[in-house]
Structure formats: structure tokens, C-alpha cells
6 protein chains.
Amino acid sequence: MTVALCPGSFDPPTNGHIDVIRRCLGIFDELVIAIVRNPSKTPLFDAAERVAMIESLFKDDPVEVDSFEGLLVEFAQQKRVDVIVKGLRAVSDFEYELQMAQMNETLSGISTLFVPTTPENGFLSSSLVKEVARFGGPVDTMVPALVAEALAKRFSDDR
Amino acid sequence: MTVALCPGSFDPPTNGHIDVIRRCLGIFDELVIAIVRNPSKTPLFDAAERVAMIESLFKDDPVEVDSFEGLLVEFAQQKRVDVIVKGLRAVSDFEYELQMAQMNETLSGISTLFVPTTPENGFLSSSLVKEVARFGGPVDTMVPALVAEALAKRFSDDR
Amino acid sequence: MTVALCPGSFDPPTNGHIDVIRRCLGIFDELVIAIVRNPSKTPLFDAAERVAMIESLFKDDPVEVDSFEGLLVEFAQQKRVDVIVKGLRAVSDFEYELQMAQMNETLSGISTLFVPTTPENGFLSSSLVKEVARFGGPVDTMVPALVAEALAKRFSDDR
Amino acid sequence: MTVALCPGSFDPPTNGHIDVIRRCLGIFDELVIAIVRNPSKTPLFDAAERVAMIESLFKDDPVEVDSFEGLLVEFAQQKRVDVIVKGLRAVSDFEYELQMAQMNETLSGISTLFVPTTPENGFLSSSLVKEVARFGGPVDTMVPALVAEALAKRFSDDR
Amino acid sequence: MTVALCPGSFDPPTNGHIDVIRRCLGIFDELVIAIVRNPSKTPLFDAAERVAMIESLFKDDPVEVDSFEGLLVEFAQQKRVDVIVKGLRAVSDFEYELQMAQMNETLSGISTLFVPTTPENGFLSSSLVKEVARFGGPVDTMVPALVAEALAKRFSDDR
Amino acid sequence: MTVALCPGSFDPPTNGHIDVIRRCLGIFDELVIAIVRNPSKTPLFDAAERVAMIESLFKDDPVEVDSFEGLLVEFAQQKRVDVIVKGLRAVSDFEYELQMAQMNETLSGISTLFVPTTPENGFLSSSLVKEVARFGGPVDTMVPALVAEALAKRFSDDR
């Protein structure tokens, strides 16, 4: 049985993230989705909100959602995962992720596999989606409905 | 149970290939290694020799080795694999492999995962190794012993 | 009035090419499509066949289709175009095309603009499509219907 | 008639920007230059100063200069432009700009064309120029004379 | 006699830096190591600490260690060096460094040479090492012993 | 005293090559220029012609010009050079050259340094220059006068 860990900020989850997770569910037996808590950044959605969004999106799948702070490899070892999986969109993603993968393998012996996003989602990023939503642009083809609603609510609260 | 397909020319297998396959064996339940027969190229080792080399290197592992000609996705469907895995060394590898992965997913619905090589093997390629061996350079830190012997024999036959 | 030149091998035209040409038609007043005749390569479709395919696909648009051999900039000067446009899929395309653009501007003073392909077509290339069609794989989502028929006919003739 | 929109921070405009705008003037009938106002950043020159600089540099050309805050595509739709044009220096520019282009086309249907900079200006960026000027280095081969004077004045005010 | 300047933040020096410096010592007659003081950033180790670390690591070599603020090329001219050398790990490093090299050559006529890191150190960066050390991860295979101790001390002071 | 080896095909030498060699002459004490003889390719100019061209271009400099077949590192060891230097134009050059540099260092312990070309020459390559000259295009701003004459003569002989 293969358990894979899928880490990320997911602030918020986009259709690109959903697509990578769906693909991993078709390949691995179980999936742990690990939301990074970075104390030096102020996220749009706090870790509990992000956990709740992803749990709601994958409530019928063999998915555990959790958040962590600190070293990814320590979290991976606690969860006893077999492998780390990361979505890849572009060449610039690739270089940074390769560097992280080599660091993580050196620290823990756990390998990282890369999952390319589908081309239609290749241009999506959480930060671009937030920028569009902040100015009232339409994001409903870029994120799941519950995320689009949460974005609309968050930015209307801001005004 | 997850069965992964690992395609390549393997002409000949290098320590980079071995390292990618070893890592896949730690992640997936079974591995099918698929040697590409390309009728428009003349390999240094014919398909049967390459199958025999890899079978010998992984004789104690849950590995099936076979060769194919034609579309990779048809071979993948015949073998009923769950996923295709490809080693990645560099950015230029990544772009071509991403294009192939998207084509293969469009044709068959089978995803491709990418496995980064360890940094020590990142500069190895079958064609570089052949060029070194052709001129009598030392390749024993770059390929398994049985491949080094086969290279030495092949090029001494040539002279 | 702006006339743009869109050069390429188009052996055969794919949905990626069609998409780039359609976009150029929405931007420029007239388009000259220039099919490169490269005497050192054997194309699958000869220049006349490729001209006929593209003329048929754009018969209702302000498009002139022609083929040429030799320097692109000389052909561009004969046709009195204002600008050269090239589709771009990936980073590796970009570097080569940038080098060609700088050479062509040095030789003729004519600028090159780059048109990114839509993400859905980013993985398409004439050579990949030919490889799939050669082995009888389905290409009807990758090329226009008349190209799919021409490919099927060409490869069935081969057998 | 083709109207193109050329967006950017232009803080300050460099010879690289000037070169891209000059080239666009040779291709398109009219040009709208759109200066991005980003409320979360403190520019060296405020939007009005940047508008004045560019207006002064192109006072004899069919160029409209304006600034905007918010979504580029909304500004593009207000100005009824046919196409967005962006200068491209390097591979890393290309990936980010491609992502933005795909997002903007999804939101508005407006295509983005890329204009490569001439090689001599490929290393110039507003931030590098500011860094050189801040320490009193010579920038007169990198920016127009009026920008060089504005930089000298701004940094002497700072001391 | 060739004197080379090797600039960087070195906050802290990693095995990747050490490896690049060792290689330069095998090629050039003398080496000036220039630690950048950037007043807009708060380093983990101040300039004096970084100078002391590198002096200690290369106390038996023809190495001068100094820090500077301002333009690298002015410092290079003061030190009368013949060439600037920079370590290169990845493609993304390369593009930025190429831009800097061209700017520096334009400003001073001094060329920059690039030294590739050994593959084993290609994934190391000062910021990744600090992140691992901050969370108590093992960094002794990534930095010299005296740096590992300084990191442990610095982060235990923080707690 | 530092002796550097500068290998390449130089078929023919372009202004990009000349620029890299001139820069190396400003940095290193002596330069060995090594022309690769590749028996599986048919060059436009044979090795003796290329040696003569480069000798003529650098007849007043501390430059030794020679050709070799086989492994570069063996030739480097025979010539007792301290370092290999390679010109770099683009990201795609960089990845291939990095792979070669790591292979060569593994085989011989000799490091490779990279010299970036000046931006004006970044688009030049021997193969592009030959293509332009073959069709009678002007190459006199791209190669030294003696190379332009040799190209004109060679291609007029062909007709």
C-alpha cells in the first residue's frame, strides 16, 4: 500500500490543485494533504479554513488533511508516508522543486515525485486567483464553487 | 496495488537509470520496464541485450522487463499499468517530457509522474557514456559493472 | 494597415497552428502564411499539399498562402510584410526563436512578435502528431478533420 | 486599424522600454501605454511623474499614456485595445508573462503578443538601473537623458 | 598573475560556496572574497561574523576577505581584480547572473566568469540551510563544522 | 601562470567566438584553442582550414591553436592546461555545457569555467551564419572579414 503526501499552501486551493490531487487519488492508495503554516506570512485563509475547504472537496476520498509548521520531512516521517508528490506547472517551478526534493531526500531518504498539471490549469496560481478576485474579476472557472464563494465573501468583507 | 511503467531506450542503462528504478521500487508495488525499439535508429545494444542487462540487474525485484515498438500508451494499456514514471535530470528534459506526458494522457488517460535523478547522477546520459567508452575513457563509476564490461567488449570488437 | 507574415513547416498544420493563425487574424489586417521548403528534409506532405491544406482551412479569411526556399527575410521583403509572427509553446521554443528573431532583425530590420499558444494546444507538435498517426493512434482532437484524413490516407498508403 | 496596449511599471522607463515601444510604433497604428499603480509598493517615481516622462519621450507619436490600478484586462477593455504587447528579455520573463497572458485571455479574450528586446538592452531592468543610480554609477547609456537627470535629482535629494 | 573576485552574501557560507572557492584557488593566483552588506536586509550573521567565518575556513590560502556596500564594480576596481567569478547552480541562477554580468561589464569593463557547483552541492543554498537549521534539522553535511555550530548557537539563542 | 583551454567546432569562427577568446586573453596567461574533429560529421571547413583561420586572427596573442579527435579531457591533460573555458549564450547552451563540465571534471579533475558572450553576439551561431551565407545573405557584421571571404568563396564554389 502506498501513502503519498501532497504539501502546499493552498491559499486557496485552485482547480490546478484539485486536478493534481484527483490524479494522485487514481495512482496512490491513500493521500495525506499537508497545509503549510508559515508564521512569517499572513495568509488570506487561515490554516483551519484551508483544511476545512479541502476536506469538504474530498470528503468521499481516502484523503487525510492536516496542517503543519516546521520541516516538511519531519511531518512526512510522523505520517509515515512513502513518498512526497508535488504538482509542476512550469520550468521555474521545476528548478525550485528539484532543489527542495534533493534537500528533503538528503534529510529523510523520502523521494519526491512530480505530477504535471493539465495544460488548461497550467496558468493558475493561488496568488493570481487572489489578485483577480480582489478586483472583483470572475474566478469561477479557476477554483471550485465553495472557494469562489469564500473569496467573494472575504474580499467583500474587506471593502 | 500500484503498477508503474518505466519506459526508455536504456542503450545502455546507466547509474542514473538504476537510481530512478531503485527509487520507484521503494514507492510502487510492481514495475514494468519498457525498452523502446526504434526502427529508425541503430542502437549500440539490440533490444534483447538491453532486456537481458536490466533483468540481470533487477533479478531479485518485482520487475518485468520487455521491449516494444509503436505507441507507448498502447503498450501501457496492454500491460494494465496504473501510471508511467520518467526520470528527470534537467530543465530541457522536463519540457520535452511534459509535452510527451500531456500527449500520452490525452491519448490514454494514463498519468505520468516524474522522478528526479540524484544530483550525483544528473550529468549522466547513455550517449555521453557511450562517447567516453568509445574513446577508452573510464566509465566504471557511471554504469553497473556488467554494463561497463559490455561496453568495453563492444568497442574492442569495433577496433 | 498591418500585414503579418507567419512562417513555418506546417507538416502538417495542427490545431496549435490553427489557433495561432486565428489569433493573428483577430489582430492584423492581412496575413501571409509562408511554408518553408527545406531541400535537405523529406516532408510527409509536399509544399503544394501543405499550401492547399492551409488555403482550404482559411478560404474565407484575408490570408495569402505561399511557400519559399532560402532566407525568410528575403521572402518577407518581397511580400512587403510589416512584421513576422511566430507561435510559442515552451521555453525551449522561446530561446531558439529569440535567436532567429535577432538574426532576422539584424538582416532586414523586420521585427518578430511572438504569439503564445493556448494551453490546451501547448503539447501539440507536427512531429508528435505524425508519430501518433503513423502507429494508428487517434489524432482527430489534435488536427483539423481534413488533416486527420490526409494523415490516415498517407499512412495507409505506406502499409 | 490596430490599437495595442503596452503595460508596465516603467519606474523609470529604460532604453529597453523605449526600444520595445519604438518597435510597436512601427507595427501598430496606435499605442496605449498603461502605467501600473500598485498600492502595495512604493515606487521611486509616482504615477504622474512616470506618465509625464513617457509623454515627453513620445510626444510626436500616436501614443496615449495613462495609469491604472486594478485588473489590466478591465483597463484594456475600457480603452478598446485590440491586443496587449509585452517586452520579453529572458526565459524567466517568458514563463511569468505566459502565465499572465493566459490568465488575461481567459478573463477577457484579449491576446498578448511578445516583443523581444534587442540584445544590447537585454540586461537592462528598472530595478538594476535604480540600484546603479542610487550608488552614483553612470546610467546615461541605459536610460534616456531626461530619466538620467530625474534619477540623479531623486537620489541627490535623498542624501 | 590573475586575481579573481568572488562576491556573495555568504549568510552563512555553505559547502557549495566552499567548493566554488576551492576550485577558484586551483585556477587563479589570488582570490578576493567580497561579502555584500545590504542595508535593506537583516542578515542572520553580520558582515564581521561572515568575514571571520570565511577567513577561518581559508586561513592557509591566498585569500583576502572583505565586505562592501554599494556597487560591486567599484569595489572590484579598488581591489584591482582581473575578473569576477560567480558560482552557478541552476538555470534560474544563470539568467539573473548573466544580467548582472552584462551590467557589470558595461559599467567597468570587468568580465564575469561562471563556476558550476559540483552536482552534490547543487541543491544547497544559504536560505534553505537556514530554514533547516531554524527547525533543528541536521545541517552538518551541508556546511562546514564551524558554520553548523554557529547556526546551532544562533537559533538556540533565538528560542 | 594560468593556461586555459578553449574547445569548439569553430566551423567557422564567428564574432561571438572572437569575443569570448579576446576576453579570455584578458584574464588568462595563455590560451590553447582546441578544434574538435568529429569524424561522424562533415564540416564546411576542414580542421586545417579552421586552425589556419584562428591562427591568423590571433597571430599576435599568446594563443596555441590545435585540433583533436577523441576525449577532450585527454587532450586537456596532454596540453597540461589548468582549466577549460566555454562561451555561453543561452539557457539551453548552459544545461548541455553543465552536463559536459561535470562529466569532464569526473573524468579528469579539470574544472570548466563559463564565459558569457556579449549581448550583441548572443544570437550568433556558426550554423545560423552558414545558413545565411549559403543563401547569399550578408554576414560581414557576424564574422571577421577573412571568414566572410572564405564563406563567400566556399558557397560560390558550390554553385
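Calculation notes
Residues numbered from 1 in each chain as written. Chains lettered and ligands numbered in written order. Predicted model: local features only at pLDDT ≥ 70, side-chain atom pairs only at ≥ 80, totals over all residues. Heavy atoms only, no water. Least-squares fit on C-alpha atoms with pLDDT ≥ 70 in both. pLDDT = per-residue confidence, 0-100. Contact = heavy atoms within 4.5 Å. Phe/Tyr/Trp six-rings, centres within 6.5 Å; stacked < 30°, edge-to-face > 60°. Helix = DSSP H or I, 4+ residues; strand = E, 2+ residues; numbered from the N terminus. Buried < 20%, exposed > 50% of the residue type's maximum accessible area, 1.4 Å probe, protein only. Buried area = accessible area lost by both parts, 1.4 Å probe. Salt bridge = Lys/Arg side-chain N within 4 Å of Asp/Glu carboxyl O. Polar contact = N/O pair within 3.5 Å; in protein donor to acceptor, adjacent residues only side chain to side chain. Nonpolar A, V, L, I, M, F, W, Y, C, P; charged D, E, K, R; others polar. Disulfide = S-S within 2.5 Å. Pairing = 2+ DSSP bridges. Right-handed = clockwise from strand over helix to strand, strands pointing away.

Time to look at the relation of the copies chain E and chain A. Superposing chain E onto chain A requires a rotation of 120 degrees together with a translation of 0.0 Å along the rotation axis, leaving an RMSD of 0.0 Å. These values place the two chain copies in the arrangement generated by a three-fold rotation axis.

Per-residue pLDDT for chain A has a mean of 93; in total, 97% of the residues score no lower than 70. This complex was scored by the predictor with a pTM of 0.93 and an ipTM of 0.91.

Moving on, we get to the arrangement of the chains. Where chain C comes nearest to chain E, the C-alpha atoms are still 12 Å apart, and the two do not contact one another. A minimum C-alpha distance of 12 Å separates chain A and chain F, which share no contact.

Another aspect to go through is the relation of the copies chain B and chain A. Structural alignment of chain B on chain A gives an RMSD of 0.0 Å, achieved by rotating through 180 degrees and translating 0.0 Å along the axis. When the rotation and shift are considered jointly, the pair of chain copies conforms to a two-fold rotation axis. Ranked by how close their C-alpha atoms come to the rotation axis, the residues of chain B are headed by F114 of chain B, at 2.4 Å.

Turning to the packing of aromatic side chains, a few remarks are in order. Overall, the coordinates contain 18 aromatic pairs over all chains when judged by the stated rule. Here F28 of chain E and F28 of chain F contribute two aromatic rings whose centre-to-centre distance is 6.2 Å and whose plane-to-plane angle is 20 degrees, an arrangement assigned as stacked. Of this pair, F28 of chain E sits in the loop between α1 (15-27) and β2 (30-36) while F28 of chain F sits in the loop between α1 (15-27) and β2 (30-36), which puts the two residues in different chains. The same class applies to F28 of chain E and to F28 of chain F, which are both buried. Between F94 of chain F and F114 of chain F the ring centres are 6.3 Å apart and the planes differ by 75 degrees, which places this aromatic pair in the edge-to-face class. With a gap of 20 residues between them, F94 of chain F in helix α4 (residues 91-108) and F114 of chain F in strand β5 (residues 112-116) connect regions that are remote in the sequence. Classification of F94 of chain F by relative accessible area gives buried; the value is 0%.

The interface is formed by 16 residues belonging to chain E together with 10 residues belonging to chain A. Looking at the side of chain E facing chain A, the largest losses of area belong to F123, L128 and F135 of chain E, adding up to 53% of the total buried there. Taken together, chain E and chain A are joined by 0 salt bridges. Connecting chain E to chain A are 1 residue pair in polar contact (both at pLDDT 80 or more). Mapped onto the side of chain E that touches chain A, the elements with two or more residues apiece are α4 (91-108) and α5 (126-134) of chain E. The greatest single-element share of the side of chain E that touches chain A, amounting to 4 residues, is contributed by α5 of chain E. Of the residues assigned to the side of chain E that touches chain A, the class counts are 10 nonpolar, 4 polar and 2 charged.

Our next topic: the interface of chain B and chain A. In this assembly, 26 residues from chain B lie in contact with 26 residues from chain A. Together chain B and chain A conceal approximately 2,100 Å² of surface at their shared face, both sides included; 66% is due to carbon and sulfur atoms. On the chain B side of the contact with chain A, I27, F94 and L113 of chain B bury the most area, a combined 26% of that side's loss. Across the contact surface, chain B and chain A share 2 salt bridges.

Attention now goes to the state of the cysteines. Covalent bonding between the sulfur atoms of two cysteines defines a disulfide. Within this structure, the stated rule accounts for 0 disulfides over all chains. In this structure C6 of chain D is not part of a disulfide, and its nearest cysteine sulfur, from C24 of chain D, lies 5.3 Å away.

Residue and element names in this part refer to chain D. In this structure, E97 sits in helix α4 (residues 91-108). A residue is classified by how much of its surface remains accessible, and E97, at 13% relative accessible area, is buried. Within the structure, the side chain of E97 is placed 3.5 Å from the side chain of K86, a separation counted as a polar contact. When near neighbours in sequence (up to four residues on either side) are disregarded, E97 contacts K86, L88 and F114.

Between D11 of chain C and P12 of chain C the backbone carries a cis peptide bond, its omega angle lying at 0 degrees. Among the secondary structure elements, P12 of chain C is positioned in the loop between β1 (3-8) and α1 (15-27). One non-glycine residue with positive phi stands out, namely R80 of chain D, at about 55 degrees. Taking relative accessible area as the criterion, R80 of chain D reaches 70% and is therefore assigned exposed.

Here we come to the environment of G122 of chain C. All names here are of chain C. Along the polypeptide, G122 turns up in the loop between β5 (112-116) and α5 (126-134). A residue is classified by how much of its surface remains accessible, and G122, at 23% relative accessible area, is partly exposed. Residues G122 and M53, 69 residues apart in the sequence, show an inter-C-alpha distance of 22 Å. The residues contacting G122, other than those within four sequence positions of it, are R89 and T117.

With that settled, consider the pairing of strand β1 (residues 3-8) of chain E. All names here are of chain E. Along β1, 6 of the 6 residues are buried, which leaves the element largely enclosed by surrounding structure. The two faces of β1 match: V3, L5 and P7 on one face and A4, C6 and G8 on the other face are all buried. Bridge count between β1 and β2: 6 bridges; the pairing is parallel. Bridging across to β2, L5 finds its partner in V32. Crossover β1 to β2 through α1 is right-handed. As paired elements, β1 and strand β4 (residues 83-88) share 2 bridges and run parallel to each other.

Here the structure, examined in full by the defined rule, presents 54 salt bridges over all chains. The partner of D66 of chain D in a salt bridge is K79 of chain D, with the nearest N and O atoms 3.0 Å apart. Here the residue D66 of chain D occupies a position in strand β3 (residues 63-68), and K79 of chain D occupies one in the loop between α3 (72-78) and β4 (83-88), the gap between them amounting to 13 residues. Among the residues examined, D66 of chain D registers a relative accessible area of 28% and is labelled partly exposed. Two residues, E49 of chain E and R154 of chain E, come together in a salt bridge whose shortest N-O distance is 2.6 Å. Of this pair, E49 of chain E sits in helix α2 (residues 47-57) while R154 of chain E sits in helix α6 (residues 145-158), placing them 105 residues apart in sequence. Several salt bridges converge on common partners, so that one network encompasses D19 and R23 of chain A together with E105 of chain B.

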